[in-house]
Structure formats: structure tokens, C-alpha cells
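Close look at the chain arrangement
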Amino acid sequence: MSEEIAMANDTTVTVVGNLTADPELRFTPAGVALVKFTVASTPRVFDRNSGEYRDGDPLFLTCTAWRDLAEHIAESLAKGTRVVVAGRLRLSRWENEEGEKRSAYGLDVDEVGPSLRFATATVKKMARTRSGGDGFTPEAPADDPWSTAAPAAA
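Residues numbered from 1 in each chain as written. Predicted model: local features only at pLDDT ≥ 70, side-chain atom pairs only at ≥ 80, totals over all residues. Heavy atoms only, no water.

By the naming in an unreviewed UniProt entry, the chain is Single-stranded DNA-binding protein, taken from Micromonospora arborensis. In the Subunit (unreviewed entry) part of its UniProt record, the chain is described as follows: "Homotetramer." (UniProt positions renumbered as here; feature names shortened; annotations may be inferred.)

Next up, the structure:
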């Protein structure tokens, strides 16, 4: 779960679908990572008239994740990846340029991973140490040449 405390009245949702594009990683002015991505989930429905299954109406859900989770998503997932996403449903409301009221649901992501129904994945645990702040500071892997690199002499 994210660093925020989930409230008892939050609506939690799990969605299975495909990423419609590569995740977009950004950083706030304070340097906090955030990633946005869209999951398309299309149900299979049985058509009694034809006796066959067909695609139902797709659901497109914009997802947002923060901090280390955001960076892990950007490094691990790409357009077309089938994912399982769990998070808290959020309603955003605004007015467009014509003054019309608009709204859309999105998902504040707590957990995400590749679906293993039609694929395999190799999991690599991230090494972490406490930074003393509100998050974690990653340790460099033992084979990382940059961890011991020194500035070039002028």
C-alpha cells in the first residue's frame, strides 16, 4: 500500500487490462516521481443470438502512482502489457473552456503487476536502506560501475 493511509470509505478497485501507451513518468517541482498510465479493460460477453462470445464496451481508466512505485512502473511496463492494478477510485470534476461541467474517474494506484495469465515475468527485488526521511534510498547493485565512479580529472 502507498504511504498514504487508506480511509475506510475509500472505494478500492482491482482492474485487469492492457496499457494503452507507455507509462508517462514525471517529477513534481519538489522532485517526487509520479507516473500516469491508462488501462483498457474489455469484458467478454456472451451473445445469445449468435451463441458466441464478443468484446463488450471497453473501460479506459487513467491511473496515477507516486514515488518509488511510479519509477518501478515506468521501468517495468510498456504499451500493450496486460496488468493487474489495485487502487482507490477517485472522481475528478472540472469545467471546460465553454463552462461545461465535466467529470472522470481515475485510480490512485496502490499495487500493480504484470498479469501472468498469458506471460511470464522475472521479479527483481530492489535493495533499500532507510534514508531517515519519509521514503527509502535505493542502494546501488554490487555490479553497478557508476556506484564507484569518480569525476574525471581535468
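Description of the overall build of the chain
Looking only at helices and strands, the chain features 1 helix and 10 strands. Moving toward the C terminus, one meets the helices and strands of the chain in the order β-β-β-β-β-β-α-β-β-β-β. Within the chain, buried positions represent 20% of all 154 residues. Across the chain, every contact between residues at least 6 apart in sequence was considered, and the portion connecting residues at least 24 apart equals 56%. With the model as given, the accessible surface of the chain reaches about 11600 Å², and the carbon-plus-sulfur share is 52%. (Helix = DSSP H or I, 4+ residues; strand = E, 2+ residues; numbered from the N terminus. Buried < 20%, exposed > 50% of the residue type's maximum accessible area, 1.4 Å probe, protein only. Contact = heavy atoms within 4.5 Å. Areas by Shrake-Rupley, 256 points an atom, 1.4 Å probe, with all protein chains shown as cover.)

Looking at the nonpolar core
Formed by 16 residues in total, the largest nonpolar core has its most connected members in Phe37, Val39, Cys63 and Val85. Every element with two or more residues in this core is listed here: strand E1 (12-19), strand E3 (33-41), strand E6 (59-66), helix H1 (67-76), strand E7 (82-95) and strand E8 (101-114). By residue number, the principal contributor to this core is E3, which donates 4 residues. If we skip the residues at most four places from it in the chain, valine 39 touches Val15, Gly17, Asn18, Leu19, Leu59, Phe60, Leu61, Cys63, Val83 and Val85. (Core = buried A, V, L, I, M, F, W, Y, C linked by side-chain atoms within 4.5 Å.)

Topic: unusual backbone geometry
Positive phi, normally seen in glycine, also occurs at arginine 67, with a value near 60°. Here arginine 67 falls in the partly exposed class, since its relative accessible area comes to 36%.

Comments concerning the side chain of threonine 64
Along the chain, the position of threonine 64 falls in strand E6. Excluding its chain neighbours within four sequence positions, the residues that come into contact with threonine 64 are Leu34, Val35, Lys36, Leu107, Asp108 and Val109.

Some points on the confidence of the model for the chain
Confidence in the prediction for the chain averages 83 pLDDT; 77% of positions are at 70 or higher. Confidence drops under pLDDT 50 across residues 132-137; counting only partners more than four residues distant or on other chains, this segment forms 10 contacts. (pLDDT = per-residue confidence, 0-100.)

What to know about the pattern of salt bridges
Inspection of the entire model under this criterion finds 7 salt bridges. Residue arginine 90 is joined to aspartate 10 by a salt bridge in which the shortest nitrogen-to-oxygen separation is 3.3 Å. Placement of arginine 90 in strand E7 and of aspartate 10 in the segment before E1 is noted, with a sequence separation of 80 residues between them. Taking the shortest distance from any N to any O, the salt bridge between aspartate 108 and arginine 90 comes out at 2.9 Å. One end of the pair, aspartate 108, is in strand E8; the other, arginine 90, is in strand E7, with 18 residues separating them in the sequence. Each of the salt bridges in this network shares a partner with another, and the network as a whole consists of Asp10, Arg90 and Asp108. (Salt bridge = Lys/Arg side-chain N within 4 Å of Asp/Glu carboxyl O.)

Observations regarding the pairing of E1
Taken together, the 7 bridges between E1 and E7 define a ladder with antiparallel strand orientation. Residue pairing for E7: threonine 12 is matched across the bridge by arginine 88. Examined bridge by bridge, E1 and E3 share 2 bridges and lie antiparallel to one another. Considered in E3, the bridge of asparagine 18 is made with alanine 40. (Pairing = 2+ DSSP bridges.)

Quick word on the packing of aromatic side chains
Here a ring pair, both rings aromatic, is described through the centre-centre distance and the interplanar angle of the planes. Under the counting rule described, the total for this entry stands at 1 aromatic pair. Ring geometry for phenylalanine 46 against tyrosine 53: centres 5.1 Å apart, planes inclined by 65°, an arrangement best described as edge-to-face. (Phe/Tyr/Trp six-rings, centres within 6.5 Å; stacked < 30°, edge-to-face > 60°.)

Description of the pairing of strand E2 (residues 24-27)
Sheet topology note: the E2/E3 ladder contains 4 bridges and is antiparallel. Each residue of the ladder has a partner; that of leucine 25, found in E3, is valine 35.

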